[in-house]
Amino acid sequence: MKPFRFRSIKGKIIVMVILSACTSILLFSVFTFRNIARRFDSTIEESYQMGLNGVGEKFGQALEEMHRVASGLTYKGGIIVQVEDYLMTSEVLRRRELANRIMEQLCLYDFQSQVVGNICFCFPGEGKGVILSNASFMLPAPDRPIFFRRQPYTEFLIPADASGKGDFVLSLARWAGNVDGRDFYVYMESDSDFLKDLFSQLQDSNGEQLPVCLVDAAGKVLYAAGESPAVVGEGFPEEEMQKSFVPFLYSGEEWGLYLCVPRGDYQRLYASVFLEVVMIILVYAFFSALMAFAIYRAAYRPLDAFTKELSKGERAGLHGHGASQSREFGEYWDKIEEMRIEICRLVSRVEQEGRQKTYLENQLLLSRINPHFIHNTLNSIGLQAAGQGEEDLAETLRALNNLLYHNLGKNRVTLLRDELRAAEDYVYLQHRIQKFVFEKEIDLPERLMDMQMPGFVLQPVIENCFQHGGTLDLKISLEAFWRRNQLWLVVEDNGQGISKEKEEQLNRQFLAVSAGGGIGLGYVSLALKMFFGDSVTLTAGTGREGCGTRIAICIQTGQAQEKKEGGHAEGFDCGR
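## Concerning the environment of Glu65
Line of reasoning, step 1. Here Glu65 shows up in helix H1 (residues 9-73).
Line of reasoning, step 2. A relative accessible area of 19% places Glu65 in the buried class.
Line of reasoning, step 3. Residues Glu65 and Val116, 51 residues apart in the sequence, show an inter-C-alpha distance of 8.1 Å.
Line of reasoning, step 4. Not counting residues up to four positions away in its chain, the partners in contact with Glu65 are Ser113, Gln114 and Val115.
Line of reasoning, step 5. A distance of 2.5 Å separates the side chain of Glu65 from the side chain of Ser113, its partner in a polar contact.

## Points about empty space enclosed by the protein
Line of reasoning, step 1. One pass over the structure, following the stated rule, counts one cavity of 30 Å³ or more.
Line of reasoning, step 2. By volume, the largest cavity amounts to about 30 Å³.
Line of reasoning, step 3. In this structure, the largest cavity is lined by Phe510, Ser525, Leu528, Lys529, Val536, Thr537 and Leu538.
Line of reasoning, step 4. Mapped by element, the contributors of at least two residues to the lining of the largest cavity are helix H14 (519-532) and strand S16 (536-542).
Line of reasoning, step 5. Tallied by class, residues from the lining of the largest cavity come to four nonpolar, two polar and one charged.

## Remarks on the pattern of salt bridges
Between side chains of opposite charge, a pair can form as their charged atoms come close.
Line of reasoning, step 1. A full pass over the atoms with the stated rule returns 18 salt bridges.
Line of reasoning, step 2. Among the salt bridges present, the one from Lys475 reaches Glu439, with a minimum N-O distance of 3.3 Å. A residue pair is termed long-range when its members are at least 10 positions apart, and Lys475 in strand S14 (residues 475-483) and Glu439 in strand S12 (residues 437-443) qualify at 36 residues.
Line of reasoning, step 3. Of the residues examined, Lys475 reaches a relative accessible area of 33% and is grouped as partly exposed.
Line of reasoning, step 4. Among the residues examined, Glu439 registers a relative accessible area of 39% and is labelled partly exposed.
Line of reasoning, step 5. Between Arg544 and Glu492 there is a salt bridge, and its shortest N-O distance comes to 3.3 Å. In this pair, Arg544 sits in the loop between S16 and strand S17 (549-556) while Glu492 sits in strand S15 (residues 486-493), placing the two residues 52 residues apart along the sequence.
Line of reasoning, step 6. Classification of Glu492 by relative accessible area gives buried; the value is 9%.
Line of reasoning, step 7. Through salt bridges that share partners, Glu479, Glu492, Arg544 and Arg550 make up one connected network.

## Observations regarding the sheet that holds S15
Line of reasoning, step 1. Judged by pairing direction, the sheet is mixed, and its five strands sit side by side in the order S12-S14-S15-S17-S16 without closing on themselves. Looking along the sheet, the strands with just one partner apiece sit at the ends: S12 and S16. Between one strand and the next, the sheet's axes are offset by a mean angle of 10 degrees, whatever the strand orientation.
Line of reasoning, step 2. Where S16 and S17 come together, seven bridges link them in antiparallel fashion. Counterpart to Val536 in the pairing with S17 is Ile555.
Line of reasoning, step 3. Together, S14, S15 and S17 form the strand contacts of helix H12 (residues 458-468), whose direction differs from that of S15 by roughly 25 degrees.

Here is what the cut-offs are and how they apply
Residues numbered from 1 in each chain as written. Predicted model: local features only at pLDDT ≥ 70, side-chain atom pairs only at ≥ 80, totals over all residues. Heavy atoms only, no water. Helix = DSSP H or I, 4+ residues; strand = E, 2+ residues; numbered from the N terminus. Buried < 20%, exposed > 50% of the residue type's maximum accessible area, 1.4 Å probe, protein only. Contact = heavy atoms within 4.5 Å. Polar contact = N/O pair within 3.5 Å; in protein donor to acceptor, adjacent residues only side chain to side chain. 1 Å grid on protein atoms, 1.4 Å probe; cavity = no way out; pocket = protein on both sides within 12 Å on 5 of 7 lines; lining within 4 Å. Points joined across faces, edges and corners; volume = space filled by probe spheres on them. Nonpolar A, V, L, I, M, F, W, Y, C, P; charged D, E, K, R; others polar. Salt bridge = Lys/Arg side-chain N within 4 Å of Asp/Glu carboxyl O. Pairing = 2+ DSSP bridges. Axes fitted to C-alpha atoms, helices over the stretch in contact; angles between N-to-C directions.

Below, the structure is given as structure tokens:
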């Protein structure tokens, strides 16, 4: 069995599949748990808040109902008239009759209301100040704190254990009237089981009552049900409470209810959520593993087969061939086969061009042997002619020898001053053959005279004037000047010129570096482009006097620089 290698294709695929599966499982677990927990948390909070809202609304309705009953009992023209008659009359029978009527109506109010319990008319601050009531009970102490006031005459008192049995009740006192200079009130209590039954509706997941606190507008705790950590008579410690409880608030106009849910209850609920998420993750991990194994099988097997076919092709070399057995990579194998064929063709072409280059180099070496012999022979003849007083012949031989040495030399790169001198030698030799006028104007900085350039550039342009001038009084001018970082070499004649179509054709061929404009001009264009690149332009046009032909060479010269032999730019700004 082959050892497992992580750097192999198989190892990399396995590692990538495992990493992708673990990453997806991890991300799925985190997001799933967070989303489920967030939604579950929101559902729990909404459930607790809705329960508290329901209790708070019932508590507010109870306060409103007690206030409404008290207002009805003190309504002028109602039962209060009978109470005043009862207090002012001294007749026993009349007082008994009025007492029975009043107590019947109080019992009726108690029967009709699910909130109201004990009701009485009383004189406040007196131990036995009860005038009439529907049941026997003790009046509250005179200094009992007031919960809040309802204008104009109602005062709600804080919940208290009126019976001493731990049954806290809601109570209120409302001014009813004045008899013989003494104020009397309606005092009312809720049913003894009202608060206990109301707050017992708020339970935890185990069915136990949750802590509930009743606070006033200032946040002071007035009543606490259940095992509340808040202290009655002190402010509700909301920040301290959040360490062990999750508080929920219902706000009334003059009061508020706090529901305190222990955080342990939340944790029990989250434990069930966590177990549910774990089950989902296990199922997801199982299917992810199956999918990862399927991907591994689907990706590695064809790749392994393709790799083996490539190994066979490598052993066979460039000239080997064969068809792919892999359906998945058959198209890519065909592309590789096409590339192999193209590489073979290019290799054959390079080998052929190498052989041709070797042949041309041998021919060039042979061609350079004869010019050396010619130079020596011409020098000897020139010396003999000068010794015999033939100065014209000696000067002609000197010019011819210099021109041949310049054009047939080993170096194809020359200096601008040498190129201009070679052009003068060529013109001198042409003067020996035919008559014409030659004008030369050189206006160049000295540093540009030593600028390197390809050789045999100006002579073909001047030779073109002799071949196509077509006039007896031929005039040729050569200008070399430097303007705005541009070197201009301009050759112009007064011959028959060229047509507009021929001018456009030459300029297109110069731009495309084509030899179609003739061997001489084609060579000049190619040599300049190969040496200077895009920093040179060659243009053909009509002479300045409206006749003849004008050939202009423009070379961009950002700064004086040098070139190595072979046309590689060094320090010459060719930017246009």
